[in-house]
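Okay, here's what each chain looks like letter by letter:
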Amino acid sequence: MARFIATNPDVSGPSGFPSCGALAAPIERVTGIHPFYIGKPNPYMMRAALRQIGAHSENTVMIGDNMETDIIAGIQSGMETILVLSGVTTEQEIAHYPYRPTRVVK
């Protein structure tokens, strides 16, 4: 049996074009099988990258523009996080999440 693995659940990217989640959705709908996302927000990718470069989460910062992928991946991987407001998440949306980035930068 084949495994259904996808990189991330994002429906669209900052440019508005379809992203991996949008492309995985029809396959999920037809097969009834949910993909295992190995990319953000799954901390697997972050931990594998840290091992590859010989870094530790205590000395690494995750910088991203998306609370639902970048920031939660950093938090779940034990990193400090910086949310940049130049992309997906707006300053007003931060309050809707049960977690917070370490810093927010405009």
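Think of each chain on its own: its residues are numbered from 1, step by step along the sequence as written. Only residues with pLDDT of at least 70 get local features here, since the model is predicted, and only at 80 or more are side-chain atom pairs given and counted; chain-wide, interface and lining totals rely on the full set of residues. Side-chain numbers here rest on the full set of heavy atoms in the structure, without hydrogens or water.

Trainee: Describe in detail the nonpolar core, supporting the description with residues and values.
Mentor: General note: in soluble globular proteins, nonpolar side chains tend to be found buried as a group. Each nonpolar core is a collection of buried residues, namely Ala, Val, Leu, Ile, Met, Phe, Trp, Tyr and Cys, held together in the definition by side-chain atoms within 4.5 Å. Any residue under 20% of the maximum accessible area for its type is buried, any over 50% is exposed, and the rest in between are partly exposed; the area is computed with a 1.4 Å probe on protein chains only. The biggest cluster of nonpolar side chains holds seven residues, and these are Met67, Ile71, Ile72, Leu83, Ile94, Tyr97 and Tyr99. Think of it this way: any DSSP run of H or I at least four residues long counts as a helix, any run of E at least two long counts as a strand, and we number them from the N terminus. Counting residues per element, this core draws most heavily on helix α3 (residues 67–76), which supplies three residues. Residue contacts are defined here by distance: any two heavy atoms, one from each residue, within 4.5 Å place the two residues in contact. Those residues within four positions of Ile72 in sequence are excluded, and the remaining contacts are Pro41, Met67 and Tyr99. Met46, Leu50, Met62 and Met79 belong to the second-largest nonpolar core, a separate cluster that totals five residues.

Trainee: Give me the lowdown on the packing of aromatic side chains, citing residues and values where you can.
Mentor: Pairs of aromatic rings are described using the distance from one ring centre to the other and the angle between the two planes. The criterion for an aromatic pair is that two Phe, Tyr or Trp rings (for Trp, the six-membered ring) have centres within 6.5 Å, with stacked assigned to planes under 30 degrees apart, edge-to-face to planes over 60 apart and tilted to the rest. A complete count under the given rule lists one aromatic pair for this structure. Their ring planes at 50 degrees and their centres at 5.6 Å tell us that Tyr97 and Tyr99 sit as a pair that is tilted.

Trainee: Help me get a handle on the pairing of strand β3 (residues 61–64), residues and values and all.
Mentor: Side chains Met62 and Gly64 project from β3 onto a buried face, and the interleaved Val61 and Ile63 project onto a face without burial. For two strands to be treated as a pair, DSSP must find at least two bridges joining them. For β3 and strand β4 (residues 80–84), the ladder comprises four bridges, and the chain directions are parallel. Each residue of the ladder has a partner; that of Gly64, found in β4, is Leu83. For the handedness criterion, the β-α-β arrangement of β3, α3 and β4 is classed as right-handed. Here is how to tell: hold the view so the strands point away, follow the path from the first strand over the helix to the second, and if it runs clockwise the crossover is right-handed.

Trainee: Tell me about the pattern of salt bridges, residues and numbers included.
Mentor: What counts as a salt bridge is simple: a side-chain nitrogen of Lys or Arg found within 4 Å of a carboxyl oxygen of Asp or Glu. Under the counting rule described, the total for this entry stands at two salt bridges. Notably, a salt bridge pairs Glu91 with Lys106, separated by 4.0 Å at the nearest N-O pair. Taken together, the positions of Glu91 in the loop between β4 and β5 (103–105) and Lys106 in the segment after β5 put the pair 15 residues apart, joining distant regions of the chain. Judged by relative accessible area, which is 44%, Glu91 ranks as partly exposed.

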